[in-house]
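# Observations on the model geometry
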Amino acid sequence: MEGQNNPKHYDVIIVGAGPAGSACALALRNAGLRVAVLDKHSFPRDKVCGDAIPGRAIKSLYAIDPGLRTALSLFTEKLPTKRTACYFKDKVLDFSWNLEAYTSTRMSFDHFLFTAVKQQTDFDVMENTEVNDISNTPQGFAIGIRNSSTRFTCTMLIGADGANGLSAKKLTGTLMNRKHHVAAVRAYYSGIAELEEDRTEIYFDKKYLPGYFWIFPIKGGLANVGMGLLSDDVVQKSMNVKKGFYDFIERTDILRRKFKDAQPAGPLQGCGLPLASRWVTMSGDHFLLTGDAACLIDPLSGDGIGNAVLSGQLAAEQVIRSFNTGNFSAAYLKTYEHQLYKAVGAEMKKKAGILKSLARLPFLFTFAFSLGKNKVVKQFMK
């Protein structure tokens, strides 16, 4: 380890080794750059999430490394997702998916990606290494580590440390906005009746629109069960999300039946989801933000992994362009934001519009289900 007076220099430091950070590292593996990947946790570690691995994430991973197709086929801690059933009042919409998608606990899936980084790169990968200081240097950034005199410097910094990480706060000053944020809770359950391994379930209740309740089967006869509500609604209506979780079950006939003999397999835990319903600053001189640090969670489905992996891939491509040209300016790095917006930004804006419409005019949701049309509902799961 290097001390304060003689910090070790890297071309790239990736802060955070979740899906965005790991995807970025894998996409840089043949770039010939000196890279460090830092994470404050030791893997495997848990992450409160819905545990759905969507088609966009799988597609991006295969684009980064076609060999991951074989590795993923050998990854045993997953269940394929083939169908989704959406319930509202006494109606159900059931549809099938063509894209390759899975459910897997984040503890297992993130560890799978993190292991791939360690095995397929010669990067310096450091666990239990929490970044507690980021400061500018003429050539990039200096990085301080909590409870250590160790310091690193880098030319490019990739912030992949999530919504509550230091990168976004320090580099962009982006603050949580309740109108673009979801408060969610999740628990694992066993013994849920009528659980089908290849089918995810989504439930809606007029009281909680545009929020929803989910049941996602995972390996071992368990299910990831959760509920998400707009944070602005939580505050304005003085709602308690944990109480709402149990209330949702009691208000819904089919859920009462399904949970009659179900048992929690762990505590009900909460998390915050920064939505891509607003486009925040994601780049600047010598840095890029990815995943939750860039507020990229799908406003409708609540999925963060798909956009996280894609942003890691695109960030790596921008890093390579910057080193090839020697240009690390904020203006040049805006290319990353433009490409990300072209790939998903317009789609996120459209979904944000749907979300606002449902929040203001919930009868539109009733209308969609009454007609049996699933186009709008499908947006929740794309």
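Below is a summary of the structure that appears in this document. Worth saying up front: this structure is predicted, and the values here are computed from it rather than measured.

## Observations regarding the environment of D198
- Here D198 is to be found in the loop between β12 (181-190) and β13 (199-204).
- In this structure the C-alpha to C-alpha distance between D198 and L79, which are 119 residues apart in sequence, comes to 6.8 Å.
- Leaving out residues up to four positions away in the same chain, D198 has contacts with P80, T81, K82 and R83.

## Some thoughts on helix α4 (residues 106-120)
- Taking 1.5 Å as the rise per residue, α4 with 15 residues should run 21 Å; its terminal C-alpha atoms sit 21 Å apart, in good agreement.
- Three or more residues of α4 are buried, namely R106, S108, F109, D110, F112, L113, F114, A116 and V117.
- Next to the buried residues of α4 lie α1 (19-27), β3 (52-53), α2 (55-64), α3 (68-74), β8 (124-126) and α9 (305-325).

## So, the sheet that holds strand β7 (residues 102-103)
- Spatially, β3-β7-β4 is the arrangement adopted by the three strands of the open sheet, whose pairing is antiparallel. Since the sheet does not close on itself, it has two edges, and those belong to β3 and β4 (79-80), each with one partner.
- Bridge analysis of β4 against β7 gives two bridges, and the strand direction is antiparallel. Residue pairing for β7: L79 is matched across the bridge by T103.

## A look at the state of the cysteines
- Considering all chains together, one arrives at zero disulfides under this definition.
- Not part of a disulfide, C24 finds its nearest cysteine sulfur in C154, a span of 12 Å.
- The class of C24 is buried, set by a relative accessible area of 0%.
- The cysteine C86 is free of any disulfide, with C49 supplying the nearest cysteine sulfur at 18 Å.

## Observations regarding the nonpolar core
- Ranked by internal contacts, the top residues of the largest apolar core, which has 71 residues, are V12, I13, I14, L28, L38, I143 and L157.
- It is α9 that contributes the most residues to this core, eight residues altogether.

## Describing the side chain of K78
- Along the chain, the position of K78 falls in the loop between α3 and β4.
- In this structure the side chain of K78 is engaged in a polar contact, spanning 2.9 Å, whose partner is the backbone oxygen of L72.
- Beyond its immediate chain neighbours, meaning those up to four positions away, K78 contacts L72, S73, Y102, T103 and S104.

## So, the environment of M107
- With respect to the helices and strands, the residue M107 is situated in helix α4.
- With 210 residues separating them along the chain, M107 and E317 place their C-alpha atoms 27 Å apart.
- For M107, the residues in contact, after removing those within four places along its chain, are P44, R45 and D46.

## Some details on the packing of α9 against helix α10 (residues 330-360)
- For the pair α9 and α10, the least separation of the axes is 8 Å and the interaxial angle reads 155°. With respect to α10, the axis of α9 lies roughly antiparallel. Seen from above, α9 lies across α10 with right-handed handedness. Side by side, α9 and α10 meet where N307, L310, S311, L314, A315, E317, Q318, R321, S322 and T325 of the first sit next to Y332, L333, T335, Y336, Q339, L340, A343, V344 and M348 of the second.
- Here the residues of the contact of α9 with α10 are counted per class, giving ten nonpolar, seven polar and two charged.

## Here's the deal with the packing of aromatic side chains
- Under the counting rule described, the total for this entry stands at 20 aromatic pairs.
- With centroids separated by 6.0 Å and ring planes inclined at 55°, the aromatic side chains of F204 and Y212 adopt a geometry described as tilted. In this structure, F204 and Y212 share a single accessibility class: buried.
- What links up through ring pairs into an aromatic cluster is the set Y87, Y189, Y203, Y208, F213, F245, Y246, F248 and F259.

## Some points on a nonpolar patch on the surface
- A contiguous nonpolar surface patch, about 260 Å² in accessible area, is contributed by L361, F363 and L364.
- Inspection of the secondary structure assignment puts L364 in helix α11 (residues 363-371).
- Of the residues examined, L364 reaches a relative accessible area of 34% and is grouped as partly exposed.

## Description of the packing of α1 against α9
- Two elements in contact, α1 and α9, have axes separated by 7 Å at closest approach and are oriented at 35°. Where α1 crosses over α9, the two elements pack in a sense that is right-handed. Contacts between α1 and α9 pair P19, A20, A23, C24 and A27 from the former with I305, A308, V309, S311, G312, Q313, A315, A316 and I320 from the latter.
- A breakdown of the residues in the contact of α1 with α9 according to their chemical character gives eleven nonpolar, three polar and no charged.

Parameters at a glance
Here, residues in each chain are numbered from 1, in the same order as that chain's written sequence. Reporting of local features is limited, given that this is a predicted model, to residues whose pLDDT is at least 70; pairs of side-chain atoms are given and counted only at 80 or more, and all residues count toward the totals for whole chains, interfaces and linings. With hydrogens and water stripped out, all remaining heavy atoms of the structure feed into the side-chain values. A helix here means a DSSP run of H or I that spans at least four residues, while a strand means a run of E at least two residues long, and both kinds are numbered starting from the N terminus. Two residues qualify as a contact provided that any one of their heavy atoms is within 4.5 Å of a heavy atom in the partner residue. For a helix, the expected span equals 1.5 Å multiplied by the number of residues minus one. Relative accessibility decides the category of a residue: with a 1.4 Å probe and only protein chains considered, values under 20% of the type maximum give buried, values over 50% give exposed, and everything between is partly exposed. Pairing between strands is defined by DSSP: at least two bridges between them are needed. Working definition: a disulfide is two cysteine sulfur atoms within 2.5 Å of each other. Here the nonpolar core consists of buried residues drawn from Ala, Val, Leu, Ile, Met, Phe, Trp, Tyr and Cys, with membership extended through side-chain atoms lying within 4.5 Å. In protein, a polar contact means a hydrogen-donor-capable atom and an acceptor-capable atom, both N or O and within 3.5 Å, with residues adjacent in sequence counting only if both atoms are side-chain atoms; elsewhere, any N or O pair within 3.5 Å suffices. Between N-to-C directions, angles span 0 to 180 degrees; the directions come from axes that are lines fitted to C-alpha atoms, helices contributing only their stretch in contact. Any angle that falls under 35 degrees is termed roughly parallel, while one over 145 is termed roughly antiparallel, one within 65 to 115 roughly perpendicular, and all others oblique. Crossing chirality is assigned from the near helix's rotation relative to the far helix, an anticlockwise turn below a right angle marking it left-handed and a clockwise turn marking it right-handed. Classification used: nonpolar for Ala, Val, Leu, Ile, Met, Phe, Trp, Tyr, Cys and Pro, charged for Asp, Glu, Lys and Arg, polar for all others including Gly. The rule is short: rings of Phe, Tyr and Trp, with Trp giving its six-membered ring, pair when the centres are within 6.5 Å, and they are stacked under 30 degrees, edge-to-face over 60, tilted in between. Each patch is built from residues that are more than 30% exposed by relative accessible area and take part in no salt bridge. Like charges join if they lie within 9 Å; nonpolar side chains (Val, Leu, Ile, Met, Phe, Trp, Tyr) join within 5 Å. The Shrake-Rupley method, run with a 1.4 Å probe, gives the accessible areas here. Residue values count only the displayed protein chains as cover. For this analysis, a salt bridge means a side-chain nitrogen from Lys or Arg found within 4 Å of a carboxyl oxygen belonging to Asp or Glu.

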